[in-house]
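Working through the structure, step by step
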Amino acid sequence: MTCGDSMKFKRIYVEICNTCNLSCSFCVQDHKHPRMLGIDQFCSILDQIKPYTSYLYLHVLGEPLMHPELEEILSLCRKADMHVQLTTNGTLLKKAEPLLLRYPPRQINISVHSFSQQPAQMQERYMADVLHCGKTLSAQGTYVSYRLWCKQDGKLAEREHRLMEQICSFFDRDVPVQMNRSIALGDRCFLSFDEVFEWPSLSHPYVSDRGTCRGLRDMIAILSDGSVVPCCLDAYAQECLGNVFEQSFAQILQGERLNEIRDGFLRHRLCSPLCRRCAYRIRFR
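1. Quick look at the overall build of the chain
Each helix and strand counted, the chain has eight helices and ten strands in total. Relative to the compact-globule value of 19 Å for 285 residues, the chain shows a C-alpha radius of gyration of 19 Å, a close match. Within the chain, buried positions represent 54% of all 285 residues. Pairs at least 24 residues apart make up 67% of the contacts formed inside the chain by residues separated by at least 6 positions. Only carbon and sulfur atoms are counted for the fraction: they give 48% of the accessible area of the chain, which is about 13,800 Å². Looking at charge distribution, the chain has the averaged site of its 34 positive side-chain charges lying 5 Å from that of its 32 negative ones.

2. So, the environment of Tyr57
Relative to the helices and strands, Tyr57 resides in strand E2 (residues 55–57). On the accessibility criterion, Tyr57 (17% relative accessible area) is buried. Considered as a pair, Tyr57 and Leu37 are 20 residues apart in the sequence and their alpha carbons are 14 Å apart. Not counting chain neighbours up to four residues away, the residues in contact with Tyr57 comprise Arg11, Ile12, Tyr13, Val14 and Gln85.

3. Considering the layout of surface pockets
By volume, the second largest pocket amounts to about 200 Å³. Looking at the second largest pocket, the residues that line it are Leu65, Met66, His67, Pro68, Leu70, Leu92, Lys95, Ala96 and Leu99. For the lining of the second largest pocket, the leading source of residues is helix H4 (residues 93–102), giving three residues. A per-class count over the lining of the second largest pocket returns seven nonpolar, one polar and one charged.

Cut-offs used in this document
Residues numbered from 1 in each chain as written. Predicted model: local features only at pLDDT ≥ 70, side-chain atom pairs only at ≥ 80, totals over all residues. Heavy atoms only, no water. Helix = DSSP H or I, 4+ residues; strand = E, 2+ residues; numbered from the N terminus. Rg over C-alpha atoms; globule rule 2.2 N^0.38 Å. Buried < 20%, exposed > 50% of the residue type's maximum accessible area, 1.4 Å probe, protein only. Contact = heavy atoms within 4.5 Å. Areas by Shrake-Rupley, 256 points an atom, 1.4 Å probe, with all protein chains shown as cover. Lys, Arg positive; Asp, Glu negative; His and termini not counted. Charge placed at Lys NZ, Arg CZ, Asp CG, Glu CD. 1 Å grid on protein atoms, 1.4 Å probe; cavity = no way out; pocket = protein on both sides within 12 Å on 5 of 7 lines; lining within 4 Å. Points joined across faces, edges and corners; volume = space filled by probe spheres on them. Nonpolar A, V, L, I, M, F, W, Y, C, P; charged D, E, K, R; others polar.

Rendered as structure tokens:
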């Protein structure tokens, strides 16, 4: 049986834009073709993926709050009964707050580790905005996760440690002694930790051909040019499985290459050269 016969994904990523208003050192930098999904394109994708998930993540690369038609996108998601998740660097959160209160996403992830990438004169205002907006959104029913995905060997650098202290102080929480995956800051509000990771690339050193991944089992991603890729880390479609603007999503799920990679994951064998060079998937034992 192929993936398309019965597959339901826990989440599907749709990159509504690949542009960003920051140039963070931990993110990929060399996009040559800035793109934004048009409303007609997004409608087409939404119709195609609806049978396969109820959870839509509007992000791969890029800052989704920059999309000029975000209100229409969120309205369409509501009509389709999609549970929406957004990942943002937070710089536009204050401006977008009224919209997000009208069309509340299920969850919003705020990458506060982008703090250090902003001009010094903006940093104080930035933290005030993301803290107050996050608290307001969580009070209205949205799950809010402040992300410090910048640990190295289990520890935060001094600057990021001060950020953690500031966030905990704002929510009147003790600073954690151990930084596990996440701590509760309040009702529906969390501080999330993880190690720094490197976006996979075919130019990276070979890791192994044994292992597994949640790609094509729990998740799949669609980039802003329509390319379908196995997971949310293949930002350049280095393992492109098809394009939803050239063939249907259902047809792509029936594809030989997609099912070869997915079946390999189930057998702990990596069939994709990109997966063999991905260090992130080592987390999935």
